[in-house]
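Observations on the model geometry
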Amino acid sequence: MKRLKVLFLCSHNSARSQMAEALLRHYAGDHFEAFSAGLEPSQINPYTRRVLGELGLSMEGQSAKSLLTYWGGKHHFTYLITVCSKAEEKCPLFPFATHRLYWPFEDPAQFDGSEEETLERFRQVRDQIAAKIRDWVREIEAAGLLAESA
């Protein structure tokens, strides 16, 4: 079996989808090819880079990408996972994925607090995404949908 391709989608591809991409690669990169995109891409939030760096995950070479990067049939994904309500609502159809999942997470970039409070909010969302990914990978594994490790 080859690795399953997963595209994480959110509104700006600056926080949640970037975290999900990095965390899936970290936890199960031998079973999945992870990608991320946004409906209106901006820049990766510095707090995103910081909280992933705390786990030893590098964001070097990563940038915010548009969903249009993956449009047109050049890419086909096993899963499209929307991680925010805006992406779920504004992208009702994506014909280049076999399965679609909706995992809504709070947007930590919308939090208005001190630097330390904002950093803590990013950590909370990162940890929620990490837990969801670990649980989901276990479910996929239990269903026998993952390639055998070499």
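Rules behind the numbers
Along each chain, residues carry numbers from 1 onward, in the same order as the chain's sequence is written. Under the rules for a predicted model, residues below a pLDDT of 70 receive no local features and side-chain atom pairs below 80 are neither given nor counted, while totals for whole chains, interfaces and linings still include all residues. Processing note: side-chain calculations cover all non-hydrogen atoms of the structure and skip hydrogens and water entirely. Labels follow the DSSP assignment, with helices taken as runs of H or I lasting at least four residues and strands as runs of E lasting at least two, numbered in each case from the N terminus. Polar contact is the term for a pair of N or O atoms within 3.5 Å; when the atoms are in protein, one must be able to donate a hydrogen and the other to accept it, and sequence-neighboring residues count only if both atoms are side-chain atoms. Whether two residues are in contact is decided by their heavy atoms, any of which lying within 4.5 Å being enough. Throughout, an axis means a line fitted to C-alpha atoms (over the contacting stretch in the case of helices), and angles, computed between N-to-C directions, take values from 0 to 180 degrees. Every angle not falling under 35 degrees, over 145, or within 65 to 115 is termed oblique; those three ranges are roughly parallel, roughly antiparallel and roughly perpendicular. Handedness of a crossing is defined here by the sense of rotation of the near helix relative to the far one, left-handed for an anticlockwise turn of less than a right angle and right-handed for a clockwise turn. All amino acids are sorted into three groups, where Ala, Val, Leu, Ile, Met, Phe, Trp, Tyr, Cys and Pro are nonpolar, Asp, Glu, Lys and Arg are charged, and the leftover types, Gly among them, are polar. To form a nonpolar core, buried Ala, Val, Leu, Ile, Met, Phe, Trp, Tyr and Cys residues must be joined to one another through side-chain atoms within 4.5 Å. When a residue's accessible area, from a 1.4 Å probe over protein chains only, is under 20% of the maximum for its type it is buried; when over 50% it is exposed; and in between it is partly exposed.

Glancing now at the side chain of threonine 82. Positionally, threonine 82 belongs in strand E3 (residues 77-82). Of the polar contacts made by the side chain of threonine 82, one reaches the side chain of glutamate 88; its length is 2.5 Å. The residues contacting threonine 82, other than those within four sequence positions of it, are Leu9, Ala87, Glu88, Arg100, Leu101, Tyr102, Trp103 and Pro104.

On to unusual backbone geometry, then. Look at asparagine 13: it is not a glycine, yet its phi comes out positive at around 55°. Inspection of the secondary structure assignment puts asparagine 13 in the loop between strand E1 (4-10) and helix H1 (16-28).

In this section: the packing of H1 against helix H4 (residues 115-142). Where H1 meets H4, the axes come as close as 9 Å, and the angle between the chain directions of the two elements is 45°. The pairing of H1 with H4 is recorded here as oblique in orientation. Two packed elements cross with a definite hand, and for H1 against H4 that hand is right-handed. From H1, Arg16, Met19, Ala20, Leu23, Leu24, Tyr27 and Ala28 reach across to H4, where they touch Phe122, Val125, Arg126, Ile129, Ala130, Ile133, Arg134, Trp136 and Val137. For the contact of H1 with H4, the per-class residue count stands at 13 nonpolar, no polar and three charged.

Residues Leu24, Phe32 and Trp136 are the most contacted members of the largest nonpolar core, which totals 47 residues. Those elements that provide at least two residues to this core are E1, H1, strand E2 (32-38), helix H2 (46-53), E3 and H4. Considering every element that reaches this core, the biggest residue donor is H4, with nine residues.

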